[in-house]
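# Observations on chain architecture
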Amino acid sequence: MHNKNKIIISIIIFIILIFFFIRISSPKEIDDVHPEILCSEKYIEKSDVLWVIPIFNNTPISSNKKWCNDILSLNKSIGMHGVYHNFEEFNTDINQEYLNQGIMIFERCFGFKPEKFKSPQLKISKQNKKLIKENKMELKERVNQVIHKVYHCNDDGLFKNQIIDFF
Ligand SMILES: [Zn+2]
């Protein structure tokens, strides 16, 4: 093999290894948590951060108190993941009133306001980014998704949970 190619391949392997170790050592997350989305307990248990959808299929999480308490009792970090989780919901500009629906339902369920936010499909407009910051929520974006292992409740992520588990 040409020497230059050897160097390039070594660098690529090195970067993959670095990612592997960063992902293995960082807290795990799970997206799309909602009482109406079937979720594998195994992956909820493995995760440190639960990304909860406040209203899904027009069902607010706060209408299921038992579920709220069950999630709370897991003692994990909980973040808000969209409001309704429509496709690319936060790619078009929303207003404070719209965001408030999610915050209110979240608070009614868990007893505290969300402190971190992840948008559906990780898509978010400039204006919405500003709005999230004004609401004192930490925005998690693509970098977060790459340096953490992120499972999906219904296993419909770009990569299957089993693959995420491995890499
Ligand atoms: Zn999602």
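On a predicted model such as this, the values are computed, not experimentally measured, just so you know. (Residues numbered from 1 in each chain as written. Predicted model: local features only at pLDDT ≥ 70, side-chain atom pairs only at ≥ 80, totals over all residues. Heavy atoms only, no water.)

### Things to note about the overall build of the protein chain
Helix and strand counts for the protein chain come out as 7 helices and 8 strands. Overall size of the protein chain, expressed as C-alpha extent along the three principal axes, is 65 × 35 × 25 Å. The 167 residues of the protein chain split such that 41% are buried. Intrachain contacts of the protein chain at a sequence separation of at least 6 include 65% that bridge at least 24 residues. With the model as given, the accessible surface of the protein chain reaches about 9900 Å², and the carbon-plus-sulfur share is 58%. (Helix = DSSP H or I, 4+ residues; strand = E, 2+ residues; numbered from the N terminus. Buried < 20%, exposed > 50% of the residue type's maximum accessible area, 1.4 Å probe, protein only. Contact = heavy atoms within 4.5 Å. Areas by Shrake-Rupley, 256 points an atom, 1.4 Å probe, with all protein chains shown as cover.)

### Describing the environment of I16
Mapped onto the elements of the fold, I16 is located in helix α1 (residues 3–25). The class of I16 is partly exposed, set by a relative accessible area of 45%. Once the C-alpha coordinates of I16 and Y84 are considered, the two residues, 68 residues apart in sequence, prove to be 35 Å apart.

### Focus: the state of the cysteines
Applying the stated criterion to the full structure yields 2 disulfides. The partner cysteine of C39 in its disulfide is C153, sulfur to sulfur 1.9 Å. Taking the sign of the S-S torsion, -75° for the link of C39 and C153, the bridge is left-handed. Taken together, the residues span a long stretch of sequence, with C39 in the loop between β1 (29–33) and α2 (41–46) and C153 in the loop between β8 (150–152) and α7 (161–166) at a distance of 114 residues. Since its relative accessible area comes to 25%, C39 is described here as partly exposed. Sulfur-sulfur distance for the disulfide between C68 and C109 comes to 2.0 Å. With the S-S bond torsion at -115°, the cross-link from C68 to C109 turns out left-handed. Residue C68 is found in helix α3 (residues 65–73), and its partner C109 is found in helix α4 (residues 96–110); the two are separated by 41 residues along the sequence. Take C68 and C109: they sit in the same class, and that class is buried. (Disulfide = S-S within 2.5 Å.)

### Remarks on unusual backbone geometry
Despite not being glycine, N75 shows a phi value in the positive range, around 60°. Position of N75 among the secondary structure elements: in the loop between α3 and β5 (77–81). Its relative accessible area of 72% is what places N75 among the exposed residues. Positioned with a positive phi, Q121 is a non-glycine residue whose angle comes to about 55°. Assignment of secondary structure puts Q121 in the loop between β6 (116–118) and α5 (126–134).

### Some thoughts on the nonpolar core
Within the largest apolar cluster, 34 residues are counted, with the highest numbers of intra-cluster contacts made by W67, L99 and F110. Elements with a minimum of two residues in this core: β1, α2, β2 (49–52), α3, β5, α4 and α5. When residues of this core are assigned to their parent elements, the largest contribution, 7 residues, is made by α4. (Core = buried A, V, L, I, M, F, W, Y, C linked by side-chain atoms within 4.5 Å.)

### Overview of the sheet that holds strand β7 (residues 138–139)
One open sheet holds the 6 strands; their spatial order is β7-β6-β5-β2-β1-β8, and the pairing between them is parallel. A strand with exactly one partner marks an edge of an open sheet, and here the two such strands are β7 and β8. Bridge count for β1 against β8 is 3 bridges, and the pairing is parallel. When the sheet's bridge partners are listed, D31 is paired in β8 with H152. On the sheet, α4 packs against β2 and β5 and is oriented at approximately 155° with respect to β5. (Pairing = 2+ DSSP bridges. Axes fitted to C-alpha atoms, helices over the stretch in contact; angles between N-to-C directions.)

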